[in-house]
Amino acid sequence: MFNHIQSLFLKILIFLIIIIISCLNAASPDPVFSENGMVVSLNEHASQAGIDILKKGGNAFDAMMATELALAVSYPSAGNIGGGGFMVYRKDDGKTGALDYRERAPINSSRDMYLDQNSNIIEGLSVIGGLSIGVPGTIAGIFETHEKFGSLSIEEIISPVIDLAKNGVIVTENQLNRINENRKYFQLVNKSQILFDNNFQKNDTIKKM
């Protein structure tokens, strides 16, 4: 009786393992291989901008700059020109380093700027309006990277980004959800209508007319 239960349990366990492996294989895309270089980002358009730079003979830093700027056009949640970022790198000679270009608080900022006279938090003051804004660092980081490591001209690096902005970006389901989630904030801080006030649908093209 005990051996029968063991055998049955083993069969069930093997069956479950097969199901799990099948599910994992079905959910995982095929791997991508490249001999000369690869660009990975959260948006296909941005990755393509980086690839275009590599094909022009640019180095990895050039491709990073193009991808960063293209994300600002195609996936603002992952790339920006109004915020900041940081870069960790390892060169082909083994040297490593980092560049911090995160946004910083304005010079007149103070520790208690979001508190009322009773030291209570003023709700919303730190996230909406002029006092919630930091001094952007992204563009400074791009130009610092270019000065230190760039091989192509800035004009060449931003060329695919300009093309992307002119041709427009296809709305994915994830982007549509982000736009809808944040539309109330767009309307709150902008007195006039902006591009993201439009009622976009999946696969629409976001393009400045």
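Only a predicted model underlies this, so the values are computations on that prediction, with no experimental measurement involved.

Trainee: Would you mind showing me how to read the overall build of the protein here?
Mentor: When its secondary structure is counted, the protein shows six helices and four strands. Taken from the N to the C terminus, the helices and strands of the protein come in the order α-α-α-β-β-α-α-β-α-β. Considering the protein as a whole, with its 209 residues, one finds that 24% of them fall into the buried category. The contacts in the protein between residues at least 6 apart in sequence include a share of 59% that link residues at least 24 apart. Taken as a whole, the protein presents about 15200 Å² of accessible surface, with 57% of it coming from carbon and sulfur.

Trainee: What exactly am I supposed to notice about the environment of T96 here?
Mentor: Topologically, T96 is positioned in strand β2 (residues 96–101). T96 has contacts with Y89 and R90, leaving out every residue within four places of it along the chain.

Trainee: Looking at this structure, I do not really get the nonpolar core. What am I missing?
Mentor: The nonpolar side chains of a soluble globular protein tend to be buried, and buried together. Membership of the largest hydrophobic core comes to 21 residues, with the highest contact counts inside it found for F61, M65, A70, M87, Y89, F149 and I157. For this core, the secondary structure elements donating two or more residues are α2 (44–55), α3 (60–74), β1 (85–90), β2, α4 (138–149) and α5 (154–167). Ranked by residues supplied to this core, first place goes to α3 with six residues. Excluding residues that lie within four positions of it along the chain, Y89 makes contacts with F61, K95, T96, G97, A98 and F149.

Trainee: Got a minute to help me understand α5 in this structure?
Mentor: Every α-helix winds through 3.6 residues per turn, so residues three or four apart in the chain are directed the same way. Over its 14 residues, α5 runs 20 Å from end to end, which matches the ideal 20 Å to within 8%, given 1.5 Å per residue. Of all the bends in α5, the largest measures some 30 degrees and sits at P160. Listing the buried residues of α5 in full gives I154, I157, P160, V161 and L164. Looking at the buried residues of α5, the elements they touch are α2, α3, α4 and β3 (169–170). The positive-phi residue at the C-terminal boundary of α5 is G168, with phi of around 95 degrees.

Trainee: In this structure, what is going on with the packing of α3 against α4? I would like to understand it.
Mentor: Pairs of packed helices are described in terms of their axes, by the angle between the two and the distance that separates them. In the contact formed by α3 and α4, the axes pass within 10 Å of each other and the chain directions differ by 165 degrees. Taken together, α3 and α4 sit at an angle that is classed as roughly antiparallel. Crossing handedness for the pair α3 and α4: left-handed. Contacts between α3 and α4 involve F61, M64, M65, E68 and L69 on the former and, on the latter, T138, I139, I142, T145, H146 and F149. Its residues assigned to classes, the contact of α3 with α4 shows seven nonpolar, three polar and one charged.

Trainee: Explanation requested: the side chain of Q175 in the structure shown.
Mentor: Mapped onto the secondary structure, Q175 falls in helix α6 (residues 173–189). At 3.0 Å, the side chain of Q175 and the backbone nitrogen of T172 are in polar contact. For Q175, the residues in contact, after removing those within four places along its chain, are N43, S74, Y75, V169 and I170.

Trainee: Just to check I follow, could you spell out the environment of D62 for this structure?
Mentor: Along the chain, the position of D62 falls in helix α3. Between the C-alpha atoms of D62 and L152, which are 90 residues apart in sequence, the distance is 6.8 Å. Every residue in contact with D62, bar those within four places of it in the chain, is listed here: I53, G150, S151, L152 and I157. At 3.3 Å, the side chain of D62 and the backbone nitrogen of L152 are in polar contact.

The rules we used
Residues numbered from 1 in each chain as written. Predicted model: local features only at pLDDT ≥ 70, side-chain atom pairs only at ≥ 80, totals over all residues. Heavy atoms only, no water. Helix = DSSP H or I, 4+ residues; strand = E, 2+ residues; numbered from the N terminus. Buried < 20%, exposed > 50% of the residue type's maximum accessible area, 1.4 Å probe, protein only. Contact = heavy atoms within 4.5 Å. Areas by Shrake-Rupley, 256 points an atom, 1.4 Å probe, with all protein chains shown as cover. Core = buried A, V, L, I, M, F, W, Y, C linked by side-chain atoms within 4.5 Å. Expected span 1.5 Å × (residues − 1). Bend = angle between axes of the 7 residues up to and from the residue. Axes fitted to C-alpha atoms, helices over the stretch in contact; angles between N-to-C directions. Parallel < 35°, antiparallel > 145°, perpendicular 65-115°, else oblique. Left-handed = near helix turned anticlockwise from the far one by under 90°. Nonpolar A, V, L, I, M, F, W, Y, C, P; charged D, E, K, R; others polar. Polar contact = N/O pair within 3.5 Å; in protein donor to acceptor, adjacent residues only side chain to side chain.

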